[in-house]
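Geometric and topological summary
Listed below, chain by chain, are the residues.
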Amino acid sequence: MYRETDILRGGEDGIPTSRESISSNYSAPLFGETSPRTQFLQKSLAFFTILCACTTMITACTVGTQSNPGLHVFMSLTLLVFTASTFMLAMWYEEGDLLPKILNILYVQSGAIIAFSILLHVYFGLDSRKQY
């Protein structure tokens, strides 16, 4: 059985115990292992969110820019900043710098980005049909 002093100083003869050498060479995930199902859900949600944001950015630059191009650029930049900040939080979460309860906030933010993308697609579609 290991004593607390064994872990801090090594064994009695100065050689590190096997438990100490394993813990110093292996960096375990902060929140434990994530299941493959959860990893698939997170990766597919991230892919779909990025896909929605990219198609919205392309649509903002191509559809209906004759009527009000400044508004299109402003909305697409707003979406870009919101998406970038969400994925920066996701990166920090994967590194273990954020608490596990942040994951629910990341899901909500991804849903908000998708909803904002749909809203912008509807707006750009209606804006391109206006007769000036």
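Residues numbered from 1 in each chain as written. Predicted model: local features only at pLDDT ≥ 70, side-chain atom pairs only at ≥ 80, totals over all residues. Heavy atoms only, no water.

1. What about the pattern of salt bridges?
Just so we agree on the cut-off: Each salt bridge in this description consists of a side-chain nitrogen of Lys or Arg and a carboxyl oxygen of Asp or Glu lying within 4 Å of one another. The helix count covers DSSP runs of H or I at least four residues long, the strand count covers runs of E at least two residues long, and both are numbered beginning at the N terminus.
A full pass over the atoms with the stated rule returns one salt bridge. Two residues, Lys43 and Glu94, come together in a salt bridge whose shortest N-O distance is 3.6 Å. With Lys43 in helix α3 (residues 36-62) and Glu94 in helix α4 (residues 69-95), this residue pair connects regions lying 51 residues apart in the sequence.

2. Digging into the confidence of the model for the chain
We apply this condition: Confidence scores labelled pLDDT are given residue by residue by the predictor and lie between 0 and 100. We call two residues contacting when some pair of their heavy atoms lies within 4.5 Å.
The predicted model of the chain has a mean per-residue pLDDT of 78, with 73% of residues at 70 or higher. Confidence over residues 2-8 falls short of pLDDT 50; this stretch has twelve contacts with residues more than four positions distant or in other chains. Predicted confidence for residues 20-28 stays below pLDDT 50, and this span has five contacts to residues more than four positions away or in other chains.

3. Comments concerning α3
Here is the rule we go by: By this rule, a helix spans an expected 1.5 Å times one less than how many residues it contains.
For α3, with 27 residues, the first-to-last C-alpha span of 39 Å sits near the 39 Å given by 1.5 Å per residue. Its buried side turned inward, α3 meets α4 and α5 (102-128).

4. Some thoughts on the environment of Ile113
Tracing the chain through its elements places Ile113 in helix α5. If we skip the residues at most four places from it in the chain, Ile113 touches Thr49, Leu79, Phe82, Thr83 and Thr86.

5. Side note on the nonpolar core
Using the following cut-off: What we call a nonpolar core is a set of buried Ala, Val, Leu, Ile, Met, Phe, Trp, Tyr and Cys residues that are connected through their side-chain atoms within 4.5 Å. Burial here depends on accessible area, computed with a 1.4 Å probe over protein chains only, as a share of the maximum for the residue type. Under 20% is buried, over 50% is exposed, and the range in between is partly exposed.
Membership of the largest hydrophobic core is limited to seven residues, which are Ala53, Ala60, Met75, Leu79, Ile113, Leu120 and Phe124. When residues of this core are traced back to their parent elements, those giving at least two are α3, α4 and α5. Considering each element in turn, this core owes the most residues, three residues, to α5. In this structure, Ala90, Tyr93, Leu98 and Leu106 belong to the second largest nonpolar core, which totals five residues.

6. Some remarks on a nonpolar patch on the surface
The condition is simple: Each patch is built from residues that are more than 30% exposed by relative accessible area and take part in no salt bridge. Like charges join if they lie within 9 Å; nonpolar side chains (Val, Leu, Ile, Met, Phe, Trp, Tyr) join within 5 Å. Computed with the Shrake-Rupley method and a 1.4 Å probe, the accessible areas treat only the protein chains shown as cover for residues.
Together, Phe47, Phe48 and Leu51 make up a nonpolar patch on the protein surface, roughly 320 Å² of accessible area in all. With respect to the secondary-structure elements, Phe47 resides in helix α3.

7. Thoughts on the packing of α3 against α4
Basically, it comes down to this: Every axis corresponds to a line fitted to the C-alpha atoms, with the helix fit spanning only the stretch in contact, and the corresponding angles, defined between N-to-C directions, vary from 0 to 180 degrees. Convention used here: angles under 35 degrees read as roughly parallel, angles over 145 as roughly antiparallel, angles from 65 to 115 as roughly perpendicular, and any remaining angle as oblique. Rotating anticlockwise by less than a right angle from the far helix to the near helix defines a left-handed crossing, while the corresponding clockwise rotation defines a right-handed one. Each residue receives one of three labels: charged for Asp, Glu, Lys and Arg, nonpolar for Ala, Val, Leu, Ile, Met, Phe, Trp, Tyr, Cys and Pro, and polar for the others, Gly being one of them.
Packing of α3 against α4 brings their axes to within 9 Å, and their N-to-C directions diverge by 160 degrees. Between α3 and α4, the angle is such that the two are roughly antiparallel. Relative to α4, α3 is oriented so that their crossing is left-handed. In contact with Lys43, Ala46, Thr49, Ile50, Ala53, Thr56, Met57 and Ala60 of α3, α4 contributes His72, Ser76, Leu79, Leu80, Thr83, Phe87 and Glu94. Classifying every residue of the contact of α3 with α4 by side-chain character gives eight nonpolar, five polar and two charged.

8. Side note on the side chain of Thr59
With respect to the helices and strands, the residue Thr59 is situated in helix α3. In this structure Thr59 comes out as buried when scored by relative accessible area, which is 16%.

9. Points about the state of the cysteines
Threshold: The rule for a disulfide is simple: a pair of cysteine sulfur atoms within 2.5 Å.
Taken as a whole, this structure holds zero disulfides when the rule is applied. No disulfide involves Cys54; its sulfur sits 9.6 Å from the nearest other cysteine sulfur, which is in Cys52. With a relative accessible area of 42%, Cys54 lands in the partly exposed category.

10. Some words on α5
Over its 27 residues, α5 runs 39 Å from end to end, which matches the ideal 39 Å to within 8%, given 1.5 Å per residue. Where α5 is concerned, the buried positions are Leu103, Leu106, Gln109, Ser110, Ile113, Ile114, Ser117, Leu120, Phe124 and Asp127. Next to the buried residues of α5 lie α3 and α4.

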